[in-house]
Amino acid sequence: MRGLTEEETKIVFEKLSTYIGRNIKHLIDRPDEEYCFRLQKERVYYLSVALANKAQHADKKLLVHMGTCFGKFTKSMKFRLHVTALDYLAQFAKYKVWVKPSSELSFVYGNNVLKAGLGRITENTPQHQGVVVYSMSDIPLGFGVTARSTQDCRKLPATDVVVFHQADVGEYLREEETFGKKHKRDNSQPDNKRNKRVKSE
């Protein structure tokens, strides 16, 4: 476990700013206690400094989780937000989308939001903007990126995409077995060769 480098911090903050803008400052300057970001096995965690100090005494190989996992760095150094960051994104989201009850299930199964399922959208939401997706009863369901601006959404046909899906709370069930874990997979051989080997045994 270690603190983020300057470059890593920049990448993480740029991704977060897509969803919460300048509200990032509320994650760091908190009135209750001091919080920080830490990196462990390519995953970025958000936790109190007090908890981070305690976690430092744990063996790196045995430390599984700490605080809230905000996301993960890919091998190409891109940062992917995880649904586990939803509570914080929802708290500080600048732009929001509400889906109709008939489209909630579709979204939490990992599908995009279509115009037919759009209940409301924050005024003046631009295109390609990070948004938090809510049910009509204001329950956060996940987050995504707008395919069209608020203005454009008014003129779209019912079958057009208005929000591209990024993450949803359904992942907690769909990926229950592997959630937060690394996939232990033998990548030394292509899939077809691995399958042939299994069948022959």
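- Looking at an unreviewed UniProt entry, one finds the chain named 60S ribosome subunit biogenesis protein NIP7 homolog and attributed to Guillardia theta.
- Under Function (unreviewed entry), UniProt gives the following word-for-word description of the chain: "Required for proper 27S pre-rRNA processing and 60S ribosome subunit assembly."
- What UniProt states about the chain under its Subcellular location (unreviewed entry) heading is, verbatim, "Nucleus, Nucleolus".

Some thoughts on the sheet that holds strand E7 (residues 113-114)
- Pairing is mixed across the open sheet formed by 6 strands, whose spatial order is E7-E11-E10-E9-E6-E8. Two strands in the sheet have a free side with no partner beyond their single neighbour: E7 and strand E8 (118-121).
- With 2 bridges connecting them, E7 and strand E11 (residues 161-168) associate as antiparallel partners. Within E11, the position partnered with Val 113 by the bridge is Val 163.
- Its contacts with the sheet put helix H5 (residues 101-108) on strand E6 (96-99), E7, strand E9 (130-135), strand E10 (140-146) and E11, and the angle it makes with E10 is roughly 80°.

Here's the deal with the pairing of E10
- Within E10, 6 of the 7 residues are buried, which leaves the element mostly enclosed by the surrounding structure.
- Bridging between E9 and E10 involves 5 bridges; their strand directions are antiparallel. Considered in E10, the bridge of Tyr 134 is made with Pro 140.
- In this structure, the hairpin formed by E9 and E10 is closed by a connection of 4 residues, where Asp 138 is found at a positive phi of approximately 65°.
- Relative to E11, E10 is paired through 5 bridges, and the arrangement is antiparallel. Looking across to E11, one finds that Val 145 is bridged to Phe 164.

Focus on the packing of aromatic side chains
- On inspection of all chains with the given rule, the structure shows 10 aromatic pairs.
- With centroids separated by 5.1 Å and ring planes inclined at 40°, the aromatic side chains of Phe 37 and Tyr 46 adopt a geometry described as tilted.
- Residue class for Phe 37 comes out buried when judged on its relative accessible area of 7%.
- Aromatic pair Trp 98 and Tyr 134: ring centres 5.8 Å apart, planes at 25°, arrangement stacked. Residue Trp 98 is found in strand E6, and its partner Tyr 134 is found in strand E9; the two are separated by 36 residues along the sequence. Here Trp 98 and Tyr 134 have matching classes, each one buried.
- Taken together, the ring pairs connect Phe 13, Tyr 35, Phe 37, Tyr 46, Phe 70 and Tyr 88 into an aromatic cluster.
- Sitting over the ring of Tyr 35, Arg 30 keeps its end group 3.7 Å from the ring centre.

Quick notes on the nonpolar core
- One finds Leu 16, Leu 27 and Phe 70 to be the most contacted residues of the largest nonpolar core, which totals 31 residues.
- Two domains share this core, each providing at least three of its residues, namely domain 1 (6-88 + 176-200) and domain 2 (95-169).
- Other than its neighbours up to four places away in sequence, Leu 16 contacts Gly 21, Ile 24, Leu 27, Phe 37, Phe 70, Leu 81 and Leu 89.

Each value, and the rule that gives it
- Starting afresh in each chain, residues are numbered from 1 along the sequence in its written order.
- Residues qualify for local features only when their pLDDT is at least 70, as the model is predicted, and side-chain atom pairs are given and counted only at 80 or more; totals for whole chains, interfaces and linings, by contrast, use all residues.
- Hydrogen atoms and water are omitted, and side-chain values are computed over all heavy atoms in the structure.
- UniProt positions are given in the numbering used here, feature names are shortened, and annotations may be inferred rather than shown by experiment.
- The pairing criterion for strands is at least two bridges between them, as found by DSSP.
- Numbering of helices and strands runs from the N terminus, with a helix taken as a DSSP run of H or I at least four residues long and a strand as a DSSP run of E at least two residues long.
- Contacts are assigned to residue pairs with any non-hydrogen atoms lying within 4.5 Å of each other.
- Here an axis means a line fitted to C-alpha atoms, over the contact stretch when the element is a helix, while the angle between two N-to-C directions is reported on a 0 to 180 degree scale.
- Each residue is assigned to one of three classes by its accessible area relative to the maximum for its type, calculated with a 1.4 Å probe on protein chains only: buried under 20%, partly exposed between the two thresholds, exposed over 50%.
- Aromatic contacts are taken between Phe, Tyr and Trp rings whose centres are within 6.5 Å, Trp giving its six-membered ring; a plane angle under 30 degrees counts as stacked, one over 60 as edge-to-face, and the others as tilted.
- Geometrically, a lysine NZ or arginine CZ counts as sitting over a ring once it is within 6 Å of the ring centre and also within 35 degrees of the ring normal.
- Buried Ala, Val, Leu, Ile, Met, Phe, Trp, Tyr and Cys residues form a nonpolar core when they are joined through side-chain atoms within 4.5 Å.
- Marked domain ranges trace back to an automatic or database domain assignment.

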